[in-house]
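# Understanding the architecture of this molecule
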Amino acid sequence: MLDKLQALADRYDKLSELLCDPDVASDNKKLREYSKEQSDLQPTYDAYNEYKQVSEDLEAAKEMQNEKLDDEMREMVKMEIDELSTRQKELDELIRVLMLPKDPNDDKNVIVEIRGAAGGDEAALFAADLYRMYTRYADAQGWKVELMDVNTNDLGGFKEVVFMINGRGAYSKMKYESGAHRVQRIPTTESGGRIHTSTSTVAVMPEAEDFDIEIHDKDIRVDTFCSSGAGGQSVNTTKSAVRVTHVPTGIVATCQDGKSQNSNKEKALQVLRTRIFDMKRMEEEAKISVERKSKVGTGDRSERIRTYNFPQSRVTDHRIGLTMHKLDQVMNGEIEEILSALTIAQQTEMMERGE
């Protein structure tokens, strides 16, 4: 591992030289490419340099133990050795995590789709709750949320909502949210006070950029229609809403949130490109053997991943057996504890597999 770390450090230093080169500074593409590469290497580079310094200091402190020291100095040296040894172990663990293979999509923005599934109106209301949960989490992260498309019911629930989260590292956090989310509570529509179980599905996709997926005009069909509101009623007399169909795959994307047809078309194409990219990504992941699939997972949309039990104020993530009794905070967007636990679980699996 030390050889790999030294090679990484050499590359970092080389990038520093390249970024000072006038030819690179005048080439926006290379400048952006090298800057991103160096930024990605920075955490590992810093940890490696600290590890080397701590190791040198530890070796020097151990050598001091062989010298003639008074009791007070010997105790100070012993304390320093203990502190340095602890820090060396911490850095060793950190570096092993930093050296794990990184998902190339981790830094990307995400497009999130939430749909009410089993449970009718209650499932749609829960889909709206999930949307609020994610938007509040995004706000806390300093990310920007952009609504792409929404289909509501008469109660204000979401049959379907599509939105984008713009923020570096959004996919690295949000990717664990794909799957079926189950809610157990007394619906507002239930007069008898009985607890119902409903589900909403979440799909989190890394935003596809132009160079990820190229869509040719000849391969798409564009239809326009009037925007609709709750119950399907028309809320706009102009045909500003846009539906784009990718003929080769049959994948469809619609957008009616923007005020202009051009704006909606651009957003619909953005969603379409991302859905095609996600389909190809899922096909690649499906080729991975069952033994190597993570229990955390980021793919199977039908898998029940989490239960939100309102009567007991309990949230349970079934993939890692995590249970928390603070439902109100979670529904208010405080999901960092859950996402961090899922990240650690996946990293632990990767280290156990020797990746």
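The structure displayed is predicted, hence computed values, not measured ones. Each residue is numbered by its place in its chain's sequence as written, counting from 1. Given that this is a predicted model, residues contribute local features only at a pLDDT of at least 70 and side-chain atom pairs are listed and counted only at 80 or more, while totals for whole chains, interfaces and linings are drawn from all residues. As a convention, hydrogens and water are excluded, and side-chain values are obtained from all of the structure's heavy atoms.

### Brief notes about the overall build of the protein
Here a helix means four or more residues in a row that DSSP labels H or I, a strand means two or more in a row labelled E, and each is numbered from the N terminus. Per the secondary structure count, the protein includes 9 helices and 11 strands. By residue count, 42% of the 355 residues in the protein fall in the buried class. Throughout, a residue-residue contact means that at least one pair of heavy atoms, one from each residue, lies within 4.5 Å. Within the protein, contacts between residues separated by at least 24 positions form 62% of all contacts whose residues are at least 6 apart in sequence. In the form shown here, the protein has an accessible surface area of approximately 19,200 Å², with 48% of it arising from carbon and sulfur atoms. Think of it in three bands: with a 1.4 Å probe and only protein chains considered, a residue is buried below 20% of the maximum accessible area for its type, exposed above 50%, and partly exposed in between. Areas reported as accessible are Shrake-Rupley estimates using a 1.4 Å probe. Residue values count occlusion only from the protein chains shown.

### Here we look at the packing of helix H1 (residues 2-19) against helix H3 (residues 28-64)
In this analysis, axes come from line fits to C-alpha atoms, helices being fitted only over the stretch in contact, and the angle between any two N-to-C directions falls in the range 0 to 180 degrees. H3 packs onto H1 with a crossing angle of 135° between their chain directions and a minimal axis gap of 8 Å. In terms of orientation, H1 lies oblique with respect to H3. The element H1 and its partner H3 pack so that their crossing is left-handed. Contacts between H1 and H3 involve Leu 2, Leu 5, Gln 6, Leu 8, Ala 9, Arg 11, Tyr 12, Asp 13, Leu 15, Ser 16, Leu 18 and Leu 19 from the first element and Leu 31, Tyr 34, Ser 35, Glu 37, Gln 38, Leu 41, Gln 42, Thr 44, Tyr 45, Tyr 48, Tyr 51 and Lys 52 from the second. Asp, Glu, Lys and Arg are counted as charged, while Ala, Val, Leu, Ile, Met, Phe, Trp, Tyr, Cys and Pro are counted as nonpolar; the rest, among them Gly, fall into the polar class. Taken together, the residues of the contact of H1 with H3 break down into 14 nonpolar, 6 polar and 4 charged. Roughly parallel refers to an angle under 35 degrees, roughly antiparallel to one over 145, roughly perpendicular to one between 65 and 115, and oblique to any angle outside these ranges. Each crossing is labelled by how the near helix is turned from the far one, with a counterclockwise turn of less than a right angle marking it left-handed and a clockwise turn marking it right-handed.

### Examining a negative patch on the surface
A surface patch of like charges, here negative, comprises Glu 56, Asp 57, Glu 80 and Glu 83. Counting only elements with at least two residues in the negative patch, the list comes to H3 and helix H4 (71-98). For patch detection, residues must exceed 30% relative accessible area and be free of salt bridges, and they are connected within 9 Å for like charges or within 5 Å for nonpolar side chains (Val, Leu, Ile, Met, Phe, Trp, Tyr). Each salt bridge in this description consists of a side-chain nitrogen of Lys or Arg and a carboxyl oxygen of Asp or Glu lying within 4 Å of one another. Counted as positive: Lys and Arg. Counted as negative: Asp and Glu, with His and the chain ends omitted from the count. To locate a charge, take atom NZ for lysine, CZ for arginine, CG for aspartate or CD for glutamate.

### Quick notes on the sheet that holds strand E4 (residues 179-185)
Strand pairing in a sheet relies on backbone hydrogen bonds, with the paired strands running either antiparallel or parallel. Paired strands are those between which DSSP finds at least two bridges. Taken in spatial order, the 8 strands line up as E2-E3-E1-E5-E4-E9-E10-E11 in an open sheet, and their pairing is mixed. Each edge of the open sheet carries a strand with a single partner, namely strand E2 (144-152) and strand E11 (322-324). Each strand axis lies, on average, 15° off the axis of its neighbour in the sheet, ignoring direction. Contacting strand E1 (110-116), E2, strand E3 (158-166) and strand E5 (196-206), helix H7 (residues 261-286) runs over the sheet at an angle of about 95° to E5.

### So, the packing of aromatic side chains
Each Phe, Tyr or Trp ring, with Trp reduced to its six-membered ring, pairs with another whose centre is within 6.5 Å; inter-plane angles below 30 degrees give stacked pairs, above 60 give edge-to-face pairs, and intermediate values give tilted ones. Per the counting criterion, the structure on display carries 5 aromatic pairs. Relative to Tyr 308, the ring of Phe 126 lies with its centre 5.3 Å away and its plane at 65°, an arrangement referred to as edge-to-face. Residue Phe 126 is located in helix H5 (residues 121-141), and its partner Tyr 308 is located in strand E9 (residues 304-309); the two are separated by 182 residues in the primary sequence. Across this residue pair, the class does not change: Phe 126 and Tyr 308 are buried. Both rings, one in Tyr 131 and one in Phe 163, keep their centres 5.0 Å apart while their planes meet at 80°; by these two values the pair is edge-to-face. Note that Tyr 131 is positioned in helix H5 and Phe 163 in strand E3, a separation of 32 residues in sequence. There is no split in this pair, since Tyr 131 and Phe 163 are both buried. Here a set of aromatic residues connected by ring pairs shows up, and it is made of Tyr 131, Phe 158 and Phe 163. Throughout this description, the term charge over a ring refers to an Arg CZ or Lys NZ atom that lies within 6 Å of the ring centre and within 35 degrees of the ring normal. The cationic tip of Arg 185 hangs over the ring face of Phe 310; the distance from NZ or CZ to the ring centre is 4.9 Å.

### Here's the deal with the UniProt feature "coiled-coil region" (unreviewed entry) in the protein
UniProt positions are given in the numbering used here, feature names are shortened, and annotations may be inferred rather than shown by experiment. Per the UniProt record, "coiled-coil region" (unreviewed entry) is annotated on residues 48-82. A distance of 20 Å separates the end C-alpha atoms of residues 48-82, which is 83% helix and 0% strand.

### Quick look at the sheet that holds strand E8 (residues 251-255)
If you walk across this open sheet you meet the 3 strands as E6-E7-E8, and the pairing is antiparallel. The open sheet is flanked by strand E6 (220-225) and E8, the only strands paired with a single partner. Here the strands of the sheet are splayed against their neighbours by 15° on average, with no regard to which way each runs. Docked against the sheet, H7 engages E6, strand E7 (241-246) and E8, running at close to 145° with respect to E8.

### So, the environment of Leu 94
Take Leu 94: it is sitting in helix H4. Remark: the alpha-carbon pair of Leu 94 and Pro 43, spanning 51 residues in sequence, is separated by 9.7 Å.

### Quick word on the pattern of salt bridges
Tallying each qualifying case throughout the model produces 29 salt bridges. We note a salt bridge from Arg 185 to Glu 122, for which the minimum N-O separation is 2.4 Å. With Arg 185 in strand E4 and Glu 122 in helix H5, the pair connects residues that are 63 residues apart, well separated along the chain. Here Arg 185 and Glu 122 have matching classes, each one buried. Where Asp 129 meets Arg 185, a salt bridge forms, and the shortest distance between an N and an O atom there is 2.8 Å. A residue pair is termed long-range when its members are at least 10 positions apart, and Asp 129 in helix H5 and Arg 185 in strand E4 qualify at 56 residues.

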